[in-house]
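A structural walkthrough
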Protein chains: 2
Amino acid sequence: MPLSHESYIRRANLWGLLQANAVLATLRPEYGKAMGGGMDEKHKSRQATLPPSPNERPTLKTIAFMTGLGITTVSRALKDAPDIGAETKERVRLIAAQVGYHPNRAGVRLRTGKTNVISLILSLEEEFIGLTSPMVVGISEILATTQYHLVITPYSARSDPLDPVRYVLDTGAADGVIISRTEPKDPRVALMMQRNFPFGTHGRTEMGLVHPYHDFDNERFAYDAVRMLVERGRRRIMLLHPPPSLSYHMHMRTGFERGLRDFGATSVPFNTVDLDNSLADIRAACEEAMRGPDPADGVISGSGGGAVALVAGIEAAGLKLARDIDMVSKQSNDFLQWLRPEVITLREDFRLAGRELAKAVIARIEGQPATELQTLSFPVLQN
Amino acid sequence: MPLSHESYIRRANLWGLLQANAVLATLRPEYGKAMGGGMDEKHKSRQATLPPSPNERPTLKTIAFMTGLGITTVSRALKDAPDIGAETKERVRLIAAQVGYHPNRAGVRLRTGKTNVISLILSLEEEFIGLTSPMVVGISEILATTQYHLVITPYSARSDPLDPVRYVLDTGAADGVIISRTEPKDPRVALMMQRNFPFGTHGRTEMGLVHPYHDFDNERFAYDAVRMLVERGRRRIMLLHPPPSLSYHMHMRTGFERGLRDFGATSVPFNTVDLDNSLADIRAACEEAMRGPDPADGVISGSGGGAVALVAGIEAAGLKLARDIDMVSKQSNDFLQWLRPEVITLREDFRLAGRELAKAVIARIEGQPATELQTLSFPVLQN
DNA sequence: GTCAAAATCTGTAACGATACAGTAGATTTG
DNA sequence: CAAATCTACTGTATCGTTACAGATTTTGAC
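Figured I'd write up the structure that's included with this text. In this text the structure is predicted, and so the values were computed from the model without any measurement. (Residues numbered from 1 in each chain as written. Chains lettered and ligands numbered in written order. Predicted model: local features only at pLDDT ≥ 70, side-chain atom pairs only at ≥ 80, totals over all residues. Heavy atoms only, no water.)

**As for the overall build of chain A**
Let me state the cut-off plainly: Secondary structure elements are defined from DSSP: runs of H or I of at least 4 residues count as helices, runs of E of at least 2 residues count as strands, and each element is numbered from the N terminus. Buried, partly exposed and exposed residues are distinguished by accessible area as a fraction of the type maximum, computed with a 1.4 Å probe on protein chains only: under 20%, between the cut-offs, and over 50%, respectively. Here a residue-residue contact requires only that any non-hydrogen atoms of the pair lie within 4.5 Å. Only the protein chains shown count as cover for residues, and the accessible areas themselves come from Shrake-Rupley with a 1.4 Å probe.
Scanning chain A for helices and strands turns up 16 helices and 12 strands. Within chain A, buried positions represent 52% of all 383 residues. Sequence separation of at least 24 residues holds for 64% of the intrachain contacts in chain A that already meet a minimum separation of 6. Accessible surface computed for chain A: about 17700 Å², of which carbon and sulfur atoms make up 52%.

**Details of empty space enclosed by the protein**
Stated formally: Whether a set of points on the 1 Å grid over the protein atoms alone is a cavity depends on a 1.4 Å probe fitting there but being unable to get out, while an open set qualifies as a pocket with protein on both sides within 12 Å along at least five of seven lines; lining residues are those with an atom within 4 Å of a point. Grid points are joined across faces, edges and corners, and a volume is the space filled by probe spheres set on the points. Polar here means any residue other than Ala, Val, Leu, Ile, Met, Phe, Trp, Tyr, Cys and Pro, which are nonpolar, and Asp, Glu, Lys and Arg, which are charged; Gly is therefore polar.
For the structure on display, the rule yields four cavities of 30 Å³ or more. Size it by volume and the largest cavity reaches roughly 180 Å³. In this structure, the largest cavity is lined by 16 residues; those nearest its centre are R105, R109 and V117 of chain A together with R109 and V117 of chain B. Within the residue set of the lining of the largest cavity, elements represented by two or more residues are helix 7 (105–112) and strand 2 (149–155) of chain A together with helix 7 (105–112) and strand 2 (149–155) of chain B. Per-class residue counts for the lining of the largest cavity are eight nonpolar, four polar and four charged.

**Here's the deal with the sheet that holds strand 2 of chain B**
Adjacent strands of a sheet form backbone hydrogen bonds with each other and so pair up, either parallel or antiparallel. Let me state the cut-off plainly: Whether two strands pair comes down to DSSP finding at least two bridges between them. Whenever a helix is involved, its axis is fitted only over the stretch in contact; in every case the axis is a line through C-alpha atoms, and angles between N-to-C directions fall within 0 to 180 degrees.
Read from one edge of the open sheet, 12 strands run 11(A)-5(A)-4(A)-3(A)-1(A)-2(A)-2(B)-1(B)-3(B)-4(B)-5(B)-11(B), paired in mixed fashion. The open sheet has two free edges, formed respectively by strand 11 (374–377) of chain A together with strand 11 (374–377) of chain B, since each of these has just one partner strand. Between one strand axis and the next, the sheet turns by 20 degrees as a mean value, whatever way the strands run. In this structure, strand 1 (residues 117–123) of chain B lies alongside strand 3 (residues 176–179) of chain B, joined through three bridges in parallel fashion. Note on strand 3 of chain B: the bridge partner recorded for L120 of chain B is I178 of chain B. Across the sheet, helix 16 (residues 350–365) of chain A touches strand 1 (117–123), strand 3 (176–179), strand 4 (199–202), strand 5 (213–216) and strand 11 of chain A, and the angle it forms with strand 4 of chain A is around 160 degrees.

**Remarks on the environment of L69 of chain B**
Among the secondary structure elements, L69 of chain B is positioned in the loop between helix 4 (60–67) and helix 5 (71–78). Measuring from C-alpha to C-alpha, the distance between L69 of chain B and V92 of chain B comes to 9.0 Å, with 23 residues separating the pair along the chain.

**Examining the packing of helix 4 (residues 60–67) of chain A against helix 6 (residues 86–99) of chain A**
Residues and elements named next belong to chain A. Where we set the bar: Under this scheme an angle from 65 to 115 degrees is roughly perpendicular, one under 35 degrees roughly parallel, and one over 145 degrees roughly antiparallel; angles in between are oblique. It is the rotation of the near helix from the far one that decides the hand of a crossing: anticlockwise by less than a right angle makes it left-handed, clockwise makes it right-handed.
At a closest axis distance of 10 Å, the pairing of helix 4 and helix 6 adopts a crossing angle of 120 degrees. Classed by the angle they form, the pair helix 4 and helix 6 counts as oblique. Here the hand of the crossing between helix 4 and helix 6 comes out right-handed. Counting all contacts with helix 4, which are made through I63, M66 and T67, the residues of helix 6 involved are R91, V92, I95, A96 and V99. Looking at the contact of helix 4 with helix 6 residue by residue, the class counts come to six nonpolar, one polar and one charged.

**Looking at the sheet that holds strand 10 (residues 344–347) of chain A**
All names here are of chain A. Overall, mixed pairing links the six strands, which are arranged 7-6-8-9-10-12 in an open sheet. The outermost strands of the open sheet, each flanked by one partner alone, are strand 7 (266–268) and strand 12 (380–381). Sheet topology note: the strand 6 (residues 236–240)/strand 8 (residues 298–301) ladder contains four bridges and is parallel. Bridge pairing in strand 8 links L239 to I300. Along the sheet face, helix 12 (residues 247–263) touches strand 6, strand 7, strand 8 and strand 9 (326–331) and points at about 175 degrees away from the line of strand 6. Strands in contact with helix 14 (residues 304–316) are strand 6, strand 8 and strand 9; relative to strand 9, the strand with the most contacts, it is inclined by about 155 degrees.

**With respect to the nonpolar core**
What counts here: Nonpolar core, defined: a set of buried Ala, Val, Leu, Ile, Met, Phe, Trp, Tyr and Cys residues in which side-chain atoms within 4.5 Å join the residues together.
Of all hydrophobic cores here, the largest spans 54 residues; its most connected members are M290 and M327 of chain A together with M290 and M327 of chain B. Sorting the residues of this core by element identifies strand 6, helix 13 (279–291), helix 14 and helix 15 (335–339) of chain A together with strand 6 (236–240), helix 13 (279–291), helix 14 (304–316) and helix 15 (335–339) of chain B as the ones contributing at least two each. When neighbours within four sequence positions are excluded, M290 of chain B is seen to be in contact with M238, P295, A296, V299, I314, A317, L319 and I325 of chain B. One finds L143 and A353 of chain A together with L120 and I362 of chain B within the second-largest nonpolar core, a separate group that totals 35 residues.

**Considering helix 16 of chain A**
Residues and elements named next belong to chain A. Definition in use: In a helix, the anticipated span is given by 1.5 Å times the number of residues less one. Counted as a polar contact is a pair of N or O atoms within 3.5 Å, where, for protein atoms, one must be capable of donating a hydrogen and the other of accepting one, and residues adjacent in sequence contribute only when both atoms are in side chains.
For helix 16, which comprises 16 residues, the first-to-last C-alpha distance of 22 Å matches the rise-based estimate of 22 Å (1.5 Å per residue) to within 8%. Taken together, the buried positions of helix 16 are occupied by F350, R351, A353, G354, E356, L357, A358, A360, V361, I362 and A363. One side-chain oxygen at the N-terminal end of helix 16 lies 3.1 Å from the backbone nitrogen of R351; it belongs to D349. Immediately beyond the C-terminal end of helix 16, within one or two residues, lies G367, with a positive phi of roughly 100 degrees.

**Topic: the relation of the copies chain A and chain B**
Put simply, the second copy of the chain is the first one after a rotation about an axis and a shift along it. Going by this rule: Here the copies are superposed with least squares, the fitted atoms being C-alpha atoms of residues at a pLDDT of at least 70 in both.
For these two chains of identical sequence, chain A goes onto chain B by a turn of 180 degrees and a shift of 0.0 Å along the axis, with RMSD 0.0 Å. Overall, the copies show the geometry of a two-fold rotation axis. Take the interface residues of chain A: 100% of them recur as interface residues in chain B, which is what a same-surface contact looks like.

**Some remarks on the interface of chain A and chain B**
Counted only if it meets this: Accessible area that two parts lose when put together, with a 1.4 Å probe and added across both, is what the buried area reports.
If you look at the interface, chain A gives 43 residues, while chain B gives 43 residues. For the pair chain A and chain B, the summed buried surface comes to about 4000 Å²; carbon and sulfur atoms form 70% of the total. If you sort the residues of chain A by the area they bury against chain B, F335, W338 and L339 of chain A come out on top, with a joint share of 18%. Remark: the boundary between chain A and chain B carries six residue pairs in polar contact (both at pLDDT 80 or more). Only helix 7, helix 8 (126–143), strand 2, helix 9 (162–171), helix 13, helix 14 and helix 15 of chain A provide two or more residues apiece to the side of chain A that touches chain B. Ranked by the residues each element gives to the side of chain A that touches chain B, the list is headed by helix 8 of chain A, at eight residues. Residues that form the side of chain A that touches chain B fall into these classes: 24 nonpolar, 10 polar and nine charged. Pairing of strand 2 of chain A with strand 2 of chain B involves three bridges; the strand directions are antiparallel. Its bridge partner being in strand 2 of chain B, I152 of chain A is matched across the sheet by L150 of chain B.

**Some points on the pattern of salt bridges**
Residues and elements named next belong to chain A. Basically, it comes down to this: When a carboxyl oxygen of Asp or Glu lies within 4 Å of a side-chain nitrogen of Lys or Arg, that pair is called a salt bridge.
For the coordinates displayed, the defined rule picks out 47 salt bridges over all chains. One salt bridge connects R195 with D170, and the closest N-O pair in it is separated by 3.5 Å. With R195 in the loop between helix 10 (187–194) and strand 4 and D170 in helix 9, the pair connects residues that are 25 residues apart, well separated along the chain.

**Concerning the pairing of strand 5 (residues 213–216) of chain B**
All names here are of chain B. In strand 5, alternate side chains face the same way, and those of Y213 and D215 on one face and H214 and F216 on the other are all buried. With two bridges connecting them, strand 4 (residues 199–202) and strand 5 associate as parallel partners. Bridge pairing in strand 5 links T201 to Y213. Two elements, strand 5 and strand 11, share four bridges in a ladder whose sense is parallel. Across the sheet, residue Y213 finds its bridge partner in strand 11, namely Q374.

Written as structure tokens, this is what we have:
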């Protein structure tokens, strides 16, 4: 043991003494002598010289002073480094807990470059926030068990979606990024891949690049939806699809068309609006379609919000759910089920998506290969 | 001018030269001489000695090297400090913009203690995220125009609501905090006031403490709601109120009772559930109340989600909106209006709340007195 | 009992920014 | 014309942490 037991005891009690009185002057010189002759003129004193004031936030220096150890030793002890004695580690951990030590994030960040931040890039447009909100919760659930903080990096639809990504990359604002509204050829993905920056996408891409993602199986959703409508005797089916620019547009279309073929139904065109349109627009387009010749007898909605507008349009055209027409919708909240239980809802779990993406991004930061960080979730029939 | 025009030109062009070749060795000594005799042995070289690599993120050092100025000068020039020459400022700003300089947040934070972070303390419970989501957008809108980042600090209902606040206070994770679900005697408010920490609350308190807040006038909402129901000939009114622990419970109750008196209506007890109960519980309680003796002919809901459950309960009891009963609800999303246009909705703008709170907290950080940072918003009749 | 290896502990320098206390030279003052 | 003042700029120290390169003591081998 490099320190005598006697001095160990003396130093561990310093804190209490210091609060009572300034015994420092009498203790420090003796301390310097105890250090042995290895000190030249330049190093007159130890690192942790002054008693850190008790009401300031404790730092490594505080613990170093209280234990009589060096700052480096304390740092390494708290990291469980192999070159620190077991007893020392125990002692340091105990005192750290007692004084409520938290590593200073700025210090760590400055020294190591690690921000311990995950950035969620969020569109400020009203239409999408309903979806991302449970995602925030899912992400938070995971990050709460880690050192990571979640920071929201917003952008508006009127600006370049690359802007927030560039911002994070250029300023080093985060260790990893989560993006939504993924496109098949997504320039944000290309940029982050090129810079070798950890990220996860909500939705897949089609660029031959391997990166972490979480996606909902929208192909399966649309396929199952067609099946369920056909089972109810519906044959002329209309799809309210996502905007064509987004990746899951194609997935949903593919599943829809495969379903039509496999179950023997036909498609009713409904291409004037998509899920990015306002509810009012969707409602109007739906009403018009329903009043037209050969209206659909089955409808599939790619989101819960869209379904509400479709229901309104259908009813405005004088049709009645379950009697004249059936509907399958992806669900985000429960409201639809309370007010129109006739609508068949398949659940997409955004909270799960948040959890999966947070886990994936952290794993990617820690070096895990992207191939192992791609997950898919499946539609679940509600009730 | 302390630097000759000649050397100014030479140094401003260094960047290009450096990228082409390592001319540093020939330039630096001449540079050192140009500094004059004020340097003793300890200060052999200037601060900005080595050429910062062109692909690293630019720092003050980079700009200092490129301009031939000292790091301090660059720092002060970018802050528009009064002791820097106008021409120098211009030159520094130009180069800073050209190289895409962003101050390193960790550096600033470590040195000044300023985090440039606002923390939004968020409950992870599903019931509330619908409300806080537009608030996130509002906050982001404001912060996007500033240096502040928004970090989400979550807590779950099963843990102490003081935990996240203590965390921020103890770790110095943010310069300011925004909290929701404010209580009349809110321990979080007491704690932050005591520590003199900037914050804003969504909702008022009743502790005789002056602090920034934004609140919706729930008293007015309930009062107006009663009036609207009475105007439709309703007299027996039921209120789905917020949980009694929250501040706005009392506001809403007060407005409700004042409305009853002023407009001559009576209250139908509905105290088995509140807005924190699940939709299923609210629905069941409502149905039971509607099937009981002397049911209400008017209902007021303190939230849009609750209204959906109430509508379901009313209809399950065989009653019909507008015919047997009328309803006024605070609205959060538009769904209710599409599916039950009979319900009268008064809008509470959570996005505005986010904007107001963000502005208030920043102003508080900048030292503005809390008395000037208290705002109220009013119900707006939808359509 | 000597010497090398192993086990523990250590100080210094650096990350990027800013507060502070200067300094050099130009300009004004008496 | 010397002293004081002003202008414009500067280096050093520091925030809290960790990488790195020692330093000291203990242990073990022979």
